Amino acid sequence: MGSNAKPKKKLAVVTCMDTRLVNFLSEKLGIERGDAKVIKNAGNVITEDVIRSLVVAIYCLDVERVMVVGHTDCGMMSVDVEEIKKKMIERGANPYFTPNLKCWLSKIDDEEKNVIKGVDVIKNHPAIPKDIVVEGYLMDIETGDLKKIC
Ligand SMILES: [Zn+2]
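These numbers come from a predicted model, not from an experiment.

Enquirer: Quick question: what am I supposed to make of the environment of G43 here?
Expert: Take G43: it is sitting in the loop between β2 (36-41) and α2 (48-59). G43 sits 71 residues away from N114 along the chain, and the two C-alpha atoms are 8.3 Å apart. Excluding its chain neighbours within four sequence positions, the residues that come into contact with G43 are C16, C74, M76, I108 and N114.

So, in structure tokens, the structure goes:
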């Protein structure tokens, strides 16, 4: 890959897709264009696809540090699995495409615990080298204050 694609800060950030984090997170972290890889999904859950992106970031793009950044008032805390299932059926989709929709959706019960779990998953994943620094943070969605959790 071209050297221009390599993040200047050797940093990857895994965070939530929340609309309120757009621009806000990078501003609060002091991340500018070209500085970091930013991987987003609903609830910053560390799925195998997040690991895939981290593997590329680490081995091809020289990332040395990973920040998992959750946030307060995350929508994934209040996801109603039964409601989604009902709406899927109403709209002709099939909620039984996966054996356990609830598990597949990865609803969050606690934003801090979710970050701690995510950091743990990354640190203990067989594809991730032990020399990578992995840290967990929680951002206040109103103020942008960043609290280090682990
Ligand atoms: Zn969120």
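Next comes the rest of the write-up.
Enquirer: Teacher, can you tell me more about the coordination of the zinc ion here?
Expert: Note on metal geometry: ideal angles are 109.5 degrees for four donors arranged tetrahedrally and 90 or 180 degrees for six donors arranged octahedrally. Note on the zinc ion: its protein donors are C16 (SG), H71 (NE2) and C74 (SG). The metal-donor distances range over 2.0 to 2.3 Å. Spacing between the donor residues of the zinc ion along their common chain follows C-x54-H-x2-C. Just as H71 is buried, C74 falls in that class too.

Enquirer: Looking at this structure, I do not really get the packing of aromatic side chains. What am I missing?
Expert: Geometry of an aromatic ring pair is reported as the spacing of the ring centres plus the angle between the planes. Applying the stated rule across the entire model yields one aromatic pair. Ring centres of F97 and W104 lie 4.9 Å apart, and the angle between their planes is 90°; on these two criteria the pair is classed as edge-to-face.

Enquirer: Help me understand unusual backbone geometry, please; the structure alone is not making it clear to me.
Expert: Excluding glycine, most residues fall at negative phi; most peptide bonds, likewise, are trans. In this structure, D62 is a non-glycine residue whose phi angle is positive, near 60°. Along the polypeptide, D62 turns up in the loop between α2 and β3 (65-71). Assessed through its relative accessible area of 31%, D62 is described here as partly exposed. The backbone of D73 shows a phi angle near 60°, a positive value even though the residue is not glycine.

Enquirer: What's the story with α2 in this structure? I'm lost.
Expert: Residues three or four positions apart in an α-helix share a direction because the helix packs 3.6 residues into each turn. With 12 residues, α2 extends 16 Å from end C-alpha to end C-alpha; this agrees with the ideal 16 Å at 1.5 Å per step. Considered for burial, the residues of α2 that qualify are V50, I51, L54, A57 and I58. The buried residues of α2 all sit within an arc of 120° when viewed along its axis, so they share a single face. Turned more than 90 degrees from where α2 packs its buried face, E48 and R52 sit exposed. Buried residues belonging to α2 abut β1 (11-16), β2, β3 and α5 (111-123).

Enquirer: Even after reading the chapter, I still don't get the pairing of β2, so can you show me in this structure?
Expert: Here is the key point about a regular strand: its side chains alternate between the two faces of the sheet. Relative to β2, β1 is paired through six bridges, and the arrangement is parallel. Of the residues in β2, the one forming a bridge with V14 is I39. For the crossover that starts at β1, traverses helix α1 (residues 24-29) and ends in the parallel β2, the hand is right-handed.

Enquirer: Where do I start with the pattern of salt bridges in this structure?
Expert: Pairs can form between side chains of opposite charge once their charged atoms are near each other. Scanning the entire structure with this criterion turns up eight salt bridges. Put simply, D62 and K6 hold a salt bridge, and the shortest N to O gap is 3.3 Å. One end of the pair, D62, is in the loop between α2 and β3; the other, K6, is in the segment before β1, and 56 residues separate them in sequence. Across the salt bridge formed by D18 and R20, the nearest N and O atoms sit 2.8 Å from each other.

About the criteria used
Residues numbered from 1 in each chain as written. Predicted model: local features only at pLDDT ≥ 70, side-chain atom pairs only at ≥ 80, totals over all residues. Heavy atoms only, no water. Helix = DSSP H or I, 4+ residues; strand = E, 2+ residues; numbered from the N terminus. Contact = heavy atoms within 4.5 Å. Donors = N, O, S within 2.8 Å, 3.2 Å for Na, K, Ca; no water. Buried < 20%, exposed > 50% of the residue type's maximum accessible area, 1.4 Å probe, protein only. Phe/Tyr/Trp six-rings, centres within 6.5 Å; stacked < 30°, edge-to-face > 60°. Expected span 1.5 Å × (residues − 1). Arc of directions from axis to C-beta. Pairing = 2+ DSSP bridges. Right-handed = clockwise from strand over helix to strand, strands pointing away. Salt bridge = Lys/Arg side-chain N within 4 Å of Asp/Glu carboxyl O.

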